[in-house]
Structures are given as C-alpha cells and as structure tokens.
Amino acid sequence: PRSSVYSARRTPQFQGPAAWNALLPAVPARASLSGAQRADVCIIGAGFAGLSAARRIRQLDPAARLIVLDAATVAEGAAGRNSGFMIDLPHELASSAYAGAGDERALINLNRQAIDFARQSVADYGIDPDFFDPAGKVNGAAGARAHAHNVSYQQHLQRLGESSELLDAHQMHALTGSRHYYSGLYTPGTVMLQPAGYIRGLAAGLEREGVLIFERSAALQFQRIGESWRVQTQAGSVCCEKIVLTVNGHLESFGIASGRLLQLFLYAAMTPALDAAAQAKLGGETRWGLTPADPMGTTLRRIDTPQGARIVVRTCARLQASMQPSDTELHRASRVQQAKFEQRFPSLAGLSMEYHWGGHLCLSRNAVAVATEVDNNVFSGCVQNGLGTARGTLTGIAAAEQACGQRSAIVEHFQREATPQRLLPGTDLAGNAVLRWREWRAADE
C-alpha cells in the first residue's frame, strides 16, 4: 500500500538473551537517536539485511550520509539469535527434504554472492576470521526415512552438479561424538558464523566509514513530508530522502504485506563451557554444524571459542501472528531440548543448559521475499524465509541497490518474485497443529 504515514503497531520483543552476543566481551552502548537528524538514507534495522544494505550503499555511493536505527542493540536481536549457518545450497524449510522450487542453480549462485559479500566484509573490516568458518555442514539422519531423504537430496545435488559426501554411522560418531546418527550428508559450501561476532564487526567497520548507528531507537512511524520522509523514534527523528526497511517480519507491523506473512518463533539452547573431562567423554571434532535431514528435527552445533567449547541445540517451532514470544513455549522447548541433548550425548546427561532463547523468523507461504520498492523511495529488504544470514544479506543488498538505482542479478531475482500469498483464516491454529505433528513425526531426527 502507498500511504503518507506508516505507524508501527508493535516493536520487536525478545525472549531470553542472545547467547552468541552474551559470549562476546561487553562493548559500550551506542547512543540512542535524539533530536532531529538528517540523512540521505535511513536504514531501519541493524541485522544482516540492514548492515549489508548500509555496506552496499557505501560501496555504490561513498558520499551518502547513512543513519541506521535499531530497536535493540547490535547483535541482540535476530542477528544474535540464529544458529549461524550461512547456507549456499537449496534449503527450503517448508519442503520435506530441503529441495526448493524454481531455478535452484540461480539461487545457489545468489547465495554464494551473499557468502562472498560476507567474506569480503570480514577481510575489509578486520573481522575475526574465527567468526566466519567455511567448514561446511552435515545433514544428520538418525533413522532410515531420514537417511532416504539424504540419499534423495544427494542425487538432487548431483543433478545440480554439486559435490557432497555421504557419511556412515562410524564417520558421524567420529565427527560429533554421538552414536545417535545412522548417516550424514556433508556439503562443503556452508559457512559457520559466530553471528553476533560477524554482525558486531560489520557494524564497527561501517562506523569507521562514517555510518551512524543508533541503538534502542525503534522506528515508531515514518511519514512523507513533501518529497522527503521523516522517521520518528521515541526521542528523535531522521529526515531523509530514502528509507531502507530491513525489519523482516515487522514489515507487517507497519501495515505492509498484512495478512501475508507467517511469523514463526524457533527456540534454541546452549550448554555452559564444557570442561576437559566433559570434552574427553564427548570425543568427536571440536567444530561442526548439523542440520536434521528432516527439516522439523533438531539442529546442532559444536563450537570452540575463547569462551569455551559448547553445544547449541535448536528445535521446536511456533507460529505467533502477534509476534509476542510465549514463555510457555520457551519452557516447553527447553524441556524438549534437554531431552534431545541427552538422547544424543548420554555421557553428558544431567548437564543443564546455560542459555535458552527464542528467535523470530518470517516466512511467506510461497517462500518469496519482499525486496522491492514498497512506496516512493521506501525500499524493503524483508521476509527471509528462515534463511536470515544468506537471504538477509541478499535482501539487504537488493534494497540498497534499488535505492541507488542499480540493476543486478540480485535485484532482478527479487523483482521477478511473486508477492507473498495471502494467509487463510486460522492459519496459526492449523499451522501449529501441523508443526506439532511434523515435530512428532520427525521424532529422533
């Protein structure tokens, strides 16, 4: 819809700490926006999409004055709550085995452009290379049905000309220290991020280039004033020529794509640092990432950081149109995660998680983004379909390039996409019943 005033019906709410951010040394808080400011472009949201947009505009127009607003602090929102898989291959969460629709070869190329963009950011901004680990990942299969998914997916990848390696139970045990897995499918192109560390480094690099980033500065409204726009926060405003909206599911909070977006919460937990005895019991490699062969199964990562060796467990999903995370659901997820952890690592049974959190994702029924001009000089880089690191980077680049009048394969990809399909009445109720059934069906995966 084209309007002169867009007011936020709600602002982001977070549940539990962003554990990736909590692991890092504390940094001084940035200022909140106050008073009247001017910018050429105001970017709303300082996650993967927003900071990628800022970097791309800086590349295309080094003289542009850029202001970035974030409702939280950098890396405390969704960017610090994902599992850190930057995946190059088809990874369609609504599919039974990740295979997507449409031109997957083109999508792989786009995902690799996003990875290259991030890799170059790491180099240019001196981001700790440990935060960007091109280690690949494994699709883990605990049973015969999931193993069949892996075999089918490997055949699909072979048709696409992509390499992969099928791991047997012995190799999976040597990798993970767990005897839970029947097989695994290793693909080399995924980058394993410390997402909060990467985002913090991106923000710091942009600030050195003159980009202004304001924290705890939720955009409450943006309004057309003549040929310009004014973005209002609680204590200040930005008058700008252009707006880049990188708020993912909160696009709907501003009345854009209403009734078309699936607001999904995923839950995760992280162990305390494992001492030498626990690591000896565990065995396996010190760093790996595992997505379940059944998309409704349990994602695992083992990390090795200056803050200790830890395991991350992610499982349980809940549609929540209100975007208000549920404490009941967090507690349920915590119980499930503890059980899944102990099932996979019985030698560590009884080890309580140090961190529990929820993260907000946004999907559309037809798996399309909203990365287009939604009003005159208002550009959206939203709706990442659960692929926030790679797709968020791409939607941010697309919004930035459109704001600068630039054509590219990334822009053209998103402009060719359909609009998100309308949701049916009762979508959350029916969707959550399906999610619970699929979680039950995924069982040990």
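Residues numbered from 1 in each chain as written. Predicted model: local features only at pLDDT ≥ 70, side-chain atom pairs only at ≥ 80, totals over all residues. Heavy atoms only, no water.

Novice: Outline the overall build of the protein chain, supporting the account with residue identities and numerical values.
Specialist: A tally of helices and strands in the protein chain yields 11 helices and 20 strands. By the compact-globule yardstick of 22 Å for 445 residues, the protein chain fits well, its C-alpha radius of gyration being 21 Å. Residue burial in the protein chain is summarised as follows: out of 445 residues, 58% are buried. For the protein chain, restricting intrachain contacts to residue pairs at least 6 apart in sequence, the fraction spanning at least 24 positions comes to 77%. Surface exposure of the protein chain reaches about 17200 Å², of which carbon and sulfur atoms provide 52%. (Helix = DSSP H or I, 4+ residues; strand = E, 2+ residues; numbered from the N terminus. Rg over C-alpha atoms; globule rule 2.2 N^0.38 Å. Buried < 20%, exposed > 50% of the residue type's maximum accessible area, 1.4 Å probe, protein only. Contact = heavy atoms within 4.5 Å. Areas by Shrake-Rupley, 256 points an atom, 1.4 Å probe, with all protein chains shown as cover.)

Novice: Hey, could you go over the packing of aromatic side chains for me, with residue numbers and the actual values?
Specialist: We describe a pair of aromatic rings using the distance from one ring centre to the other and the angle between the two ring planes. Applying the stated criterion across every chain, the model contains 6 aromatic pairs. Aromatic side chains tyrosine 6 and phenylalanine 222 sit 4.8 Å apart centroid to centroid with 15° between the ring planes, which places their arrangement in the stacked category. One end of the pair, tyrosine 6, is in strand S1 (residues 5-7); the other, phenylalanine 222, is in strand S11 (residues 221-225), with 216 residues separating them in the sequence. For the pair tyrosine 6 and phenylalanine 222, a shared accessibility class is recorded, and that class is buried. (Phe/Tyr/Trp six-rings, centres within 6.5 Å; stacked < 30°, edge-to-face > 60°.)

Novice: Give me the lowdown on the nonpolar core, citing residues and values where you can.
Specialist: Grouped together as the largest cluster of nonpolar side chains are 58 residues, with contacts concentrated most on Leu51, Val244 and Met270. With 28 residues, the next largest nonpolar core counts Trp229, Cys240, Val247 and Val370 among its residues. (Core = buried A, V, L, I, M, F, W, Y, C linked by side-chain atoms within 4.5 Å.)

Novice: Help me get a handle on the packing of helix H3 (residues 104-125) against helix H9 (residues 390-403), residues and values and all.
Specialist: Two elements in contact, H3 and H9, have axes separated by 9 Å at closest approach and are oriented at 85°. Taken together, H3 and H9 sit at an angle that is classed as roughly perpendicular. Contacts from Leu107, Leu110, Asn111, Ala114 and Phe117 in H3 reach Ala390, Arg391, Thr393, Leu394 and Ile397 in H9. Its residues assigned to classes, the contact of H3 with H9 comprises 7 nonpolar, 2 polar and 1 charged. (Axes fitted to C-alpha atoms, helices over the stretch in contact; angles between N-to-C directions. Parallel < 35°, antiparallel > 145°, perpendicular 65-115°, else oblique. Nonpolar A, V, L, I, M, F, W, Y, C, P; charged D, E, K, R; others polar.)

Novice: Explain the environment of leucine 262 to me, and be specific about the residues and the numbers.
Specialist: In this fold, leucine 262 is placed in strand S14 (residues 261-270). Residue classification places leucine 262 among the buried positions, given a relative accessible area of 15%. As a C-alpha pair, leucine 262 and alanine 78 span 184 residues in sequence and 16 Å in three-dimensional space. Sequence-distant contacts of leucine 262, that is, excluding residues within four places in its chain, are made with Leu319, Leu361, Cys362, Leu363, Ser364, Arg365, Leu423 and Thr427.

Novice: Which residues make up the pairing of strand S12 (residues 228-232), and what values go with them?
Specialist: Inspection of the sheet shows S11 paired to S12 by 5 bridges, in the antiparallel sense. Note that in S12 the partner of arginine 224 across the bridge is tryptophan 229. Connecting S11 to the next strand, S12, in antiparallel fashion are 2 residues, including glycine 226 with a positive phi near 65°. For S12 and strand S13 (residues 236-245), the ladder comprises 4 bridges, and the chain directions are antiparallel. Paired with arginine 230 across the strands is cysteine 239, a residue of S13. With antiparallel pairing between neighbouring strands as the criterion, S12 and S13 make up a hairpin whose turn holds 3 residues. (Pairing = 2+ DSSP bridges.)

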